[in-house]
Amino acid sequence: MLRTVSAKLGRCAKRLARDRSGVSVVEFAIITPFILSIALYGLEVAYMNSVDMKISEIALSLADNASRIGQTDNSVVTPTVSEGDINEVMRGAQEQAAGLDFATRGRIILSSLERDAATGKQYIRWQRCYGRLSRQSAYGNDSTRNGLNGTALAGMGSGPTKITASANSAVMFVEVYYQHQGLMGDLFVDNPVMRKEGAFLIRDNRNLTPGVTGTGGAYPCG
């Protein structure tokens, strides 16, 4: 009886060893985690690049819109920048950043870079911010480190050639910071703080003397 059972088991083992019907299934089960990992990694990198591009577009669009403040003013009085104008361009940036939870994970810093008529120095005349990410301007503020107070400001911009404002003009300079959050957390890529800059010269004549006029500003940098 035992010999018969052993013979049957031996024959079953031989048939199982010769059986190739499940090879494809086993191979697929082995390589699926690798294929899935590569696909998810590619998806994560593509998403991070799209967010990076969007942050860059926000910086450029905001600087461009800020440079156009007062461009459609048809009065005979040279226009000034008002708190209402700044509120509008900041709201535009918020709309552009929709879906990124920018209010919590982002920071926009809009600065007016100007040339002081008395000293010829570059300085930040005024600065406005949006977003709760803890970041400060890499170049200074509009009070204690504006270029006239504190360290002298050679200009703004992360490149070797700094952006400067000419006499009786101004540069709208934007810094955008964003704490990226991956689709799958930090499983495949780190979640870096993205940083982009944008700058535009003001488009038309603008009365720079009073700085920012009006009340109701909603975007202090404090």
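Refer to the preceding data block for the structure.
So, a few notes on the structure that sits alongside this text. All of these numbers come straight from a predicted model, not from anything done at the bench. (Residues numbered from 1 in each chain as written. Predicted model: local features only at pLDDT ≥ 70, side-chain atom pairs only at ≥ 80, totals over all residues. Heavy atoms only, no water.)

As for the overall build of the chain
As a reminder, the rule being used: Strands are runs of DSSP state E lasting at least two residues, helices are runs of H or I lasting at least four, and both sets are numbered from the N terminus onward. Burial status follows relative accessibility: with a 1.4 Å probe on protein chains alone, a residue under 20% of its type maximum counts as buried, one over 50% as exposed, and anything between as partly exposed. The criterion used for residue contact is that any of the two residues' heavy atoms lie within 4.5 Å. The protein chains shown are the only cover counted for residues, whose accessible areas, like all others here, come from Shrake-Rupley with a 1.4 Å probe.
Looking only at helices and strands, the chain features four helices and six strands. Ordered by position in the sequence, the α and β elements of the chain form the string α-α-β-α-α-β-β-β-β-β. Here the chain, with 222 residues, has 35% of them falling under the buried criterion. Long-range pairs, those at least 24 residues apart, make up 71% of the contacts in the chain with a sequence separation of at least 6. A total accessible area of about 13,000 Å² is found for the chain, and carbon and sulfur atoms account for 55% of it.

Digging into a nonpolar patch on the surface
For clarity, the threshold we go by: Patches draw on residues past 30% relative accessible area with no salt bridge. Two like charges within 9 Å are joined, as are two nonpolar side chains (Val, Leu, Ile, Met, Phe, Trp, Tyr) within 5 Å. A pair is scored as a salt bridge if a Lys or Arg side-chain nitrogen falls within 4 Å of a carboxyl oxygen belonging to Asp or Glu.
Taken together, the side chains of Val26, Phe28, Ile30, Ile31, Phe34 and Ile35 define a hydrophobic patch exposed on the protein surface, amounting to about 640 Å² of accessible area. Mapping valine 26 onto the fold places it in helix 2 (residues 23-67).

Digging into the side chain of asparagine 146
Selection criterion: N or O atoms closer than or at 3.5 Å make up a polar contact, with two conditions inside protein: a donor-capable atom paired with an acceptor-capable one, and, for residues adjacent in sequence, both atoms drawn from side chains.
In this structure, asparagine 146 sits in the loop between strand 3 (122-130) and strand 4 (170-179). A distance of 2.9 Å separates the side chain of asparagine 146 from the backbone nitrogen of leucine 148, its partner in a polar contact. Once residues within four sequence positions are removed from consideration, asparagine 146 is found in contact with Gln122, Tyr123, Ile124, Asn141 and Leu153.

Focus: the environment of glutamate 197
Mapping glutamate 197 onto the fold places it in strand 5 (residues 193-201). Judged by its relative accessible area of 23%, glutamate 197 falls in the partly exposed class. Along the backbone, glutamate 197 and glutamate 175 are 22 residues apart, and their C-alpha atoms lie at a distance of 4.6 Å. Within the structure, the side chain of glutamate 197 is placed 2.5 Å from the side chain of tyrosine 139, a separation counted as a polar contact. Looking at glutamate 197, its side chain comes within polar contact range of the main-chain nitrogen of serine 158, at 3.2 Å.

Topic: unusual backbone geometry
One non-glycine residue, aspartate 101, lies in the positive phi region at around 50°. On the secondary structure map, aspartate 101 appears in the loop between helix 3 (83-96) and helix 4 (102-105).

A word on the packing of aromatic side chains
We apply this condition: Geometry of aromatic contacts follows a simple scheme: Phe, Tyr and Trp rings, the Trp one being its six-membered ring, pair when their centres are within 6.5 Å, and the pair is stacked under 30 degrees between planes, edge-to-face over 60, tilted otherwise.
Summed over all chains, the structure comprises five aromatic pairs. Measuring from ring centre to ring centre gives 6.1 Å for phenylalanine 102 and tyrosine 130, while their planes differ by 10°; the resulting arrangement is stacked. Of this pair, phenylalanine 102 sits in helix 4 while tyrosine 130 sits in strand 3; the two residues are 28 residues apart in sequence, bridging distant segments of the chain. Here the two residues phenylalanine 102 and tyrosine 130 agree in accessibility, since each one is buried. Chaining the aromatic ring pairs together yields one cluster made of Phe102, Tyr130, Tyr178 and Tyr219.

Structural notes on the nonpolar core
Filter applied, for reference: Only buried residues count toward a nonpolar core, which is a set of Ala, Val, Leu, Ile, Met, Phe, Trp, Tyr and Cys residues joined through side-chain atoms within 4.5 Å.
Within the largest apolar cluster, 32 residues are counted, with the highest numbers of intra-cluster contacts made by Ile55, Met90, Phe102, Ile108, Leu110, Val174 and Val176. Secondary structure elements with two or more residues in this core: helix 2, helix 3, strand 2 (106-115), strand 3 and strand 4. Once you skip the residues sitting within four places of it in the chain, leucine 110 turns out to touch Ala66, Val89, Met90, Trp126, Gln127, Arg128, Met172, Phe173 and Val174. Counting residues in hydrophobic clusters, the runner-up holds eight residues, among them Tyr139, Ala165, Val171 and Phe173.

Focus: the pairing of strand 4
Regular strands have side chains that alternate between both faces of the sheet. Our working rule: Whether two strands pair comes down to DSSP finding at least two bridges between them.
Within strand 4, nine of the ten residues are buried, leaving the element largely enclosed by the surrounding structure. Pairing between strand 2 and strand 4: nine bridges, direction antiparallel. Paired with leucine 110 across the strands is valine 174, a residue of strand 4. When strand 4 meets strand 5, the two strands line up antiparallel, connected through nine bridges. Looking at the pairing, glutamine 179 lines up with valine 193 of strand 5.

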